[in-house]
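Reading the structure
The residues making up each chain are set out below.
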Amino acid sequence: MAKIKIMETVLRDAHQSLIATRMTTEEMIPILETMDEVGYHALEVWGGATYDACLRFLDEDPWERLRIIRKRVKNTKLQMLLRGQNLLGYKHYADDVVDEFVDKAISNGIDIIRIFDALNDPRNLERSVYATKKFGGHAQATISYTKSPIHTNETFVELAKEFEQMGADSIGIKDMAGLLSPYDTYSLVKAVKAAVKVPVNLHTHGTSGFGSMSYMKAVEAGVDIIDTAISPFSDGTSQPPTESLVAAFKGTEYDPGYDMGLLNKIAAHFKPIREKYIANGLMDPKVMGVDINTLNYQVPGGMLSNLVSQLKEANAMDKFEDVLNEVPRVREDLGFPPLVTPTSQIVGTQAVLNIVTGERYKMVPNEVRMLVKGMYGKTTVPIKEDIVKLIIGDEEQVTCRPADLIPPELEAVKKECAQYMEQEEDILLKAMLPKPADDFFKSRQQKKYGIDMSLLNEEDKVYPV
């Protein structure tokens, strides 16, 4: 067994999990060169909700963030999270958008792309894996780990084999709700390692309290890479702490050999940032503790806060327990999808409506209809006929790869944002997040030229040199 490799998540998943992805680029810059000295396998810096949060809440260009990080991190690989055909938005996009996005992500500095699909439908990863390899990146095809009567180690091993055949350079196991217990982790990693030749990377969260224990067992089972977060942004709904695991492996055959002095320096940088977000209320104590009930409901942290806000809006917080009990029932009705964006929101919203209206499926959101129709891909088990009938009536279900039904989109989007375009990446901002992108473009012009250029006629526009 070689020494364990560690992927540091503080610049992406750790702050996404604990402070709704609000860490700014400015807060990251001073420590980047120190992080580059550690010898991490990779730094996760982009993707997931960072793209949306930069535009929607921080008035930042996510592409510029990536370029700034790449300029300062010269020796360590940069990694991002991609939702397969959903990219970083909330629906499927055409193949030409996928190709362009992956091309631009790699040319702006990304080395490793972790690609997953909420339904574990391999067809939804195909294009992203193909594009990543075509443009010279490392494609990590990833299993969304979940528990149900029909999800077994065999299910996940078959997926891993399929991903390897697809051309994956490594296999990720993404345990987004922290469901993996230590001994389950050992048997799953052992089985996947025996089935594939490429490296295996385990990702978990501290929600159930299993995190560090599961990593220890994963390492004993032969996992190649684990994801950790520097201590001020670790545990709770984030990843287990980097320093603790590095110290735990010290002097063993798995010792990554990192300098604890450097790790302490990184932790010292992030401590006041953590305090700031606790003081302003963004880091809620609820996300920092252990919740063993996550094993019953399988509800990830982000989904839980979503349910709470929906119930508060409906003035129905007294129904919270009922909704949590309804989530597994809806999940079974809809073919046992793993609960990760966007299926977590789809299942959660339907559970809330079922309880609040007092009648199951009396109200059905469009996203649930689309899921049942097959527009998100194939569920692990077919959805029962009576549920299909109840939700989409006699409409036919889609059986092909959903993206085959989407015509090319890039050219149309290019025209839509022509008046704002300052870089080719702007087309991709507009393609995925039309409204936040427009707001950002206007704000950017306002800062540069002191006026919203969209208010002028073309002949009146004078661009300062």
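For the protein, the helix and strand inventory stands at 21 helices and eight strands. Taking 2.2 N^0.38 as the reference for a compact globule, 465 residues should give roughly 23 Å; the C-alpha atoms of the protein span a radius of gyration of 22 Å, in line with that estimate. Considering only C-alpha atoms, the protein reaches an extent of 70 × 60 × 45 Å along its principal axes. Per-residue burial for the protein yields a buried fraction of 57% across its 465 residues. A sequence separation of at least 24 residues applies to 74% of the contacts in the protein between residues at least 6 apart.

Moving on: the packing of aromatic side chains. Across all of its chains, the model carries 12 aromatic pairs by this definition. Taken together, a centroid distance of 5.9 Å and an interplanar angle of 10° make the contact between Trp46 and Phe101 stacked. Separated by 55 residues along the polypeptide, Trp46 in strand β2 (residues 42–47) and Phe101 in helix α6 (residues 95–107) bring together distant segments of the chain. Note on accessibility: Trp46 and Phe101 belong to one class, buried. Between Phe249 and Tyr254 the ring centres are 6.0 Å apart and the planes differ by 75°, which places this aromatic pair in the edge-to-face class. The exposure class of Phe249 is buried, given its relative accessible area of 3%. Overall, the relative accessible area of 16% leaves Tyr254 in the buried class. The residue whose ring lies beneath Arg22 is Phe57, and the NZ or CZ to ring-centre distance is 3.7 Å. Taking the ring centre of Phe116 as reference, the NZ or CZ of Lys174 above it sits at 5.0 Å.

Moving on: the sheet that holds strand β8 (residues 225–228). Across a sheet, strands are paired by hydrogen bonds formed along the backbone, either parallel or antiparallel in direction. Taken in spatial order, the eight strands close into a barrel running β1-β2-β3-β4-β5-β6-β7-β8, and their pairing is parallel. Here the average twist between neighbouring strands, direction ignored, is 30°. Relative to strand β7 (residues 200–203), strand β6 (residues 170–174) runs parallel, the two sharing four bridges. Opposite Lys174, over in β7, you have His203 as the bridge partner. Relative to the sheet, helix α5 (residues 62–72) contacts β2 and β3 (77–82), its axis offset from that of β2 by approximately 165°.

Turning our attention to the nonpolar core. Counting 99 residues, the largest nonpolar core has Trp46, Tyr51, Phe101, Phe233 and Phe270 as its most contacted members. Sort the elements by how many residues they give to this core and helix α12 (residues 260–279) lands first, with seven residues. When neighbours within four sequence positions are excluded, Phe101 is seen to be in contact with Trp46, Tyr51, Trp63, Met80, Leu82, Leu87, Leu88, Leu428 and Met432. Core analysis: the second largest hydrophobic core is formed by 29 residues, Val323, Leu371, Tyr376 and Ile392 among them.

A word on the pairing of β2. For β2, a buried count of six out of six residues is recorded, marking the element as mostly surrounded by other parts of the structure. Both strand β1 (residues 5–8) and β2 contribute to a ladder of two bridges, which runs parallel. When the sheet's bridge partners are listed, Glu8 is paired in β2 with Leu43. Summarising the sheet, β2 and β3 pair through five bridges and their orientation is parallel. Note that in β3 the partner of Glu44 across the bridge is Gln79.

Across the interface, α6 lies against helix α20 (residues 425–432) with an axial gap of 10 Å and an inter-helix angle of 130°. In terms of their interaxial angle, α6 and α20 are classed as oblique. α6 and α20 meet at a crossing whose hand is left-handed. From α6, Val97, Glu100, Phe101 and Lys104 reach across to α20, where they touch Glu425, Leu428, Ala431 and Met432. Here the residues of the contact of α6 with α20 sort into five nonpolar, no polar and three charged.

Conventions and cut-offs
Residues numbered from 1 in each chain as written. Predicted model: local features only at pLDDT ≥ 70, side-chain atom pairs only at ≥ 80, totals over all residues. Heavy atoms only, no water. Helix = DSSP H or I, 4+ residues; strand = E, 2+ residues; numbered from the N terminus. Rg over C-alpha atoms; globule rule 2.2 N^0.38 Å. Buried < 20%, exposed > 50% of the residue type's maximum accessible area, 1.4 Å probe, protein only. Contact = heavy atoms within 4.5 Å. Phe/Tyr/Trp six-rings, centres within 6.5 Å; stacked < 30°, edge-to-face > 60°. Lys NZ or Arg CZ within 6 Å of the ring centre and 35° of its normal. Pairing = 2+ DSSP bridges. Axes fitted to C-alpha atoms, helices over the stretch in contact; angles between N-to-C directions. Core = buried A, V, L, I, M, F, W, Y, C linked by side-chain atoms within 4.5 Å. Parallel < 35°, antiparallel > 145°, perpendicular 65-115°, else oblique. Left-handed = near helix turned anticlockwise from the far one by under 90°. Nonpolar A, V, L, I, M, F, W, Y, C, P; charged D, E, K, R; others polar.

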